[in-house]
Amino acid sequence: MGKGQMQSIHLVTHRGPGALLNTTNATAIIAGLDDWHYVPGDAHPIDEPRLTMRLRRHCKAPALTLRALPHSTQKYGARTKVTAWQFPEWFLVQNTEAHKLGRRLVHISQLDDGNFHDHRTNKKQKVLPVHFVQACVSGHIDDINWRSFVHHKASECTHDLWMDEGMDEGMDEGGTNSTVRCECGAQRTLSASTVFGRCSGRQPWLGDDEHATCTNRSRLLLRDAAHAYFPQTLTVITIPDVSDPLDKIMHAHWDTIFQFVETHAEIAKARQKRVVSRLLQPFSEESILAAVAHRREINTRDIQPLKHVEFDAFVSACVDGAANGAADGAANEVMLMVRELPREQWADMAWMSVLRRAMLVHRLREVTALLGFTRFEATAPDEQGELPANAPRSALSREQNWLPAHENYSEGIFLEFDPNAVRAENGATYAQLSALARLLIAEIAVKCDCAEADLKERIYAHEASGRFGVLIYGAADAAGTLVAAGRALLCNENPRLLSPEIFIP
Ligand SMILES: [Zn+2]
Ligand SMILES: [Zn+2]
């Protein structure tokens, strides 16, 4: 099998395991995580408990962790490698002499060193991978069994196969006028409505003989179609727990030890565990029990929809300028820092009448994890930021013990809307807040002299609980500029007169 390598953040956004790579003369499928070879020290774990908890539930993998993508800053020496396997395994021979039957369709087993050796002419001929494969919505993908296809049933016929490959407009929808012919006389035309029967469940990105049980119908797929790969991701804004050293111990050993602790006798048992006995020494029974209860409460809160918890954290900032959020002791990094921009500093502009509060987000951390993928149809998180339970997807690895994730440290502004005002004026819906966010992004992009594509929005709209908000933040590191631009927007100031530094706490 051919191997290639690539590294980039795009692995999370559109080219994770199972994605098809198409270059001019080779095609491949990105291998599953089992075949990503990290160099020692490059496998940085990402700690995001709220996200990890959900991913474990969605993937039914209780020990799942998050890992940063391999990044290739190293110029020399060993580098983490992302593997890609050759796929598909059928090729069209690029014979120059026009043939009435089209081009010869050959299997990889008929190739010699990547070329087709034509015994009739005794010439080596170049081949290109066939455009058509079959796949199902869950992400399984397979070669079309061309012999069965052309003969309309499983066939022992061993005559040569040919393809008259025609490309139509609207190929993404599977439109084609290609005809496959067997030298025995059988022939069949490929179309979007071609029925391939039940999905084989093949998962070539996981290995040669990896198959899942699948009841989906298999469909024609053009390997470079836009719908050939939809990454399934989940994103959270990190909400740090204001935690003491004891809570950190609880958190680190919750699943294995402390979730079972309720009595003094159980604490005594926990103290005997080698991993925590030294750590627990300075703490009394009462303080440990209190910490267990606190952690249990946090875990319950984490069952709330992702965006509810985030919204509540954003609006809990104080007016006096004191920032909420806490420094995470382990990483010694501030994960979230929010300050309210007092109302008396706002400019008097019509669109602000629906605002309740405006927050300057000096620091935030966004984590996006890739859970799996689908083909033909995307499954995106819903308006509350959650993926539907039992959403279809293909797994990224055989083991499912870790998932790739990406951290974005950024800054921005958060606007809270008055539920009564938005309901009365617009009947605020998710779509309307999105539209407003796009307008604000256009304004802010001008004010901080960046591209609109460098800015992102996250919409909070929950009718029943009256949570309405818009977060606008940088898609990548944007130190110092976005808070200034957000403030300039709200205060109608000319940002060019402002030094960004004065807004950094
Ligand atoms: Zn035949
Ligand atoms: Zn399938």
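Up top you'll find the structure we're talking about.
Residues numbered from 1 in each chain as written. Chains lettered and ligands numbered in written order. Predicted model: local features only at pLDDT ≥ 70, side-chain atom pairs only at ≥ 80, totals over all residues.

**Details of the overall build of the protein chain**
Turning to step 1, where the next piece is worked out: What the protein chain contains, in helices and strands, is 11 helices and 27 strands.
Turning to step 2, where the next piece is worked out: Counting every position in the protein chain, which comprises 505 residues, the buried fraction comes to 36%.
Turning to step 3, where the next piece is worked out: Here the analysis covers contacts within the protein chain between residues at least 6 apart in sequence; of these, 68% occur between residues at least 24 apart. (Helix = DSSP H or I, 4+ residues; strand = E, 2+ residues; numbered from the N terminus. Buried ≥ 20, exposed ≤ 12 C-beta atoms within 10 Å, placed from the backbone. Contact = placed C-beta atoms within 7 Å.)

**Brief notes about the sheet that holds strand β13 (residues 127–129)**
Turning to step 1, where the next piece is worked out: The 6 strands lie next to each other as β13-β8-β9-β16-β17-β18, forming an open sheet whose pairing is antiparallel. For this open sheet the edge positions go to β13 and β18 (187–189), each flanked by a neighbour on one side alone. Going across the sheet, the axis of each strand differs from the next one's by a mean of 30 degrees, ignoring polarity.
Turning to step 2, where the next piece is worked out: Where strand β9 (residues 103–107) lies against strand β16 (residues 161–164), 3 bridges are found, and the strand directions are antiparallel. Paired with Leu105 across the strands is Leu161, a residue of β16. (Pairing = 2+ DSSP bridges. Axes fitted to C-alpha atoms, helices over the stretch in contact; angles between N-to-C directions.)

**A look at unusual backbone geometry**
Turning to step 1, where the next piece is worked out: A cis geometry characterises the amide bond from Phe87 onward to Pro88, with omega recorded as 0 degrees.
Turning to step 2, where the next piece is worked out: A positive phi angle, near 65 degrees, is found at His152, a position not held by glycine.
Turning to step 3, where the next piece is worked out: The phi torsion at Gln400 lies on the positive side, around 50 degrees, for a residue other than glycine.
Turning to step 4, where the next piece is worked out: If you trace the backbone, Gln400 turns up in the loop between β24 (355–374) and β25 (402–417).
Turning to step 5, where the next piece is worked out: By C-beta crowding, Gln400 is classed as buried, having 20 other C-beta atoms within 10 Å.

**A short note on the packing of helix α10 (residues 430–447) against helix α11 (residues 482–491)**
Turning to step 1, where the next piece is worked out: Where α10 meets α11, the axes come as close as 9 Å, and the angle between the chain directions of the two elements is 115 degrees. As far as their axial angle goes, α11 and α10 are roughly perpendicular. Between α10 and α11 lies a crossing of right-handed hand. When α10 is examined against α11, the residues Leu440, Glu443, Ile444 and Lys447 are found in contact with a partner set consisting of Ala485, Gly486, Ala488 and Leu489.
Turning to step 2, where the next piece is worked out: For the contact of α10 with α11, a count of residues per class yields 5 nonpolar, 1 polar and 2 charged. (Parallel < 35°, antiparallel > 145°, perpendicular 65-115°, else oblique. Left-handed = near helix turned anticlockwise from the far one by under 90°. Nonpolar A, V, L, I, M, F, W, Y, C, P; charged D, E, K, R; others polar.)

**Comments concerning the sheet that holds strand β15 (residues 141–142)**
Turning to step 1, where the next piece is worked out: With antiparallel pairing, the 3 strands of this open sheet are ordered in space as β15-β14-β19. Pairing within the sheet leaves two strands with one partner each, and these edge strands are β15 and β19 (219–222).

**Some remarks on the pairing of β16**
Turning to step 1, where the next piece is worked out: Relative to strand β17 (residues 179–182), β16 runs antiparallel, the two sharing 4 bridges. Looking at the pairing, Met163 lines up with Val180 of β17.

**Things to note about the nonpolar core**
Turning to step 1, where the next piece is worked out: In this structure, Leu105, Met359, Ala369 and Leu403 are the most contacted members of the largest nonpolar core, which totals 106 residues.
Turning to step 2, where the next piece is worked out: With 10 residues, β24 is the largest single contributor of residues to this core.
Turning to step 3, where the next piece is worked out: Beyond its immediate chain neighbours, meaning those up to four positions away, Leu105 contacts Trp90, Leu92, Val130, Trp146, Leu161, Trp162, Met163 and Val180.
Turning to step 4, where the next piece is worked out: Counting residues in hydrophobic clusters, the runner-up holds 8 residues, among them Ile249, Phe258, Ile288 and Val292. (Core = buried A, V, L, I, M, F, W, Y, C linked by C-beta atoms within 7 Å.)

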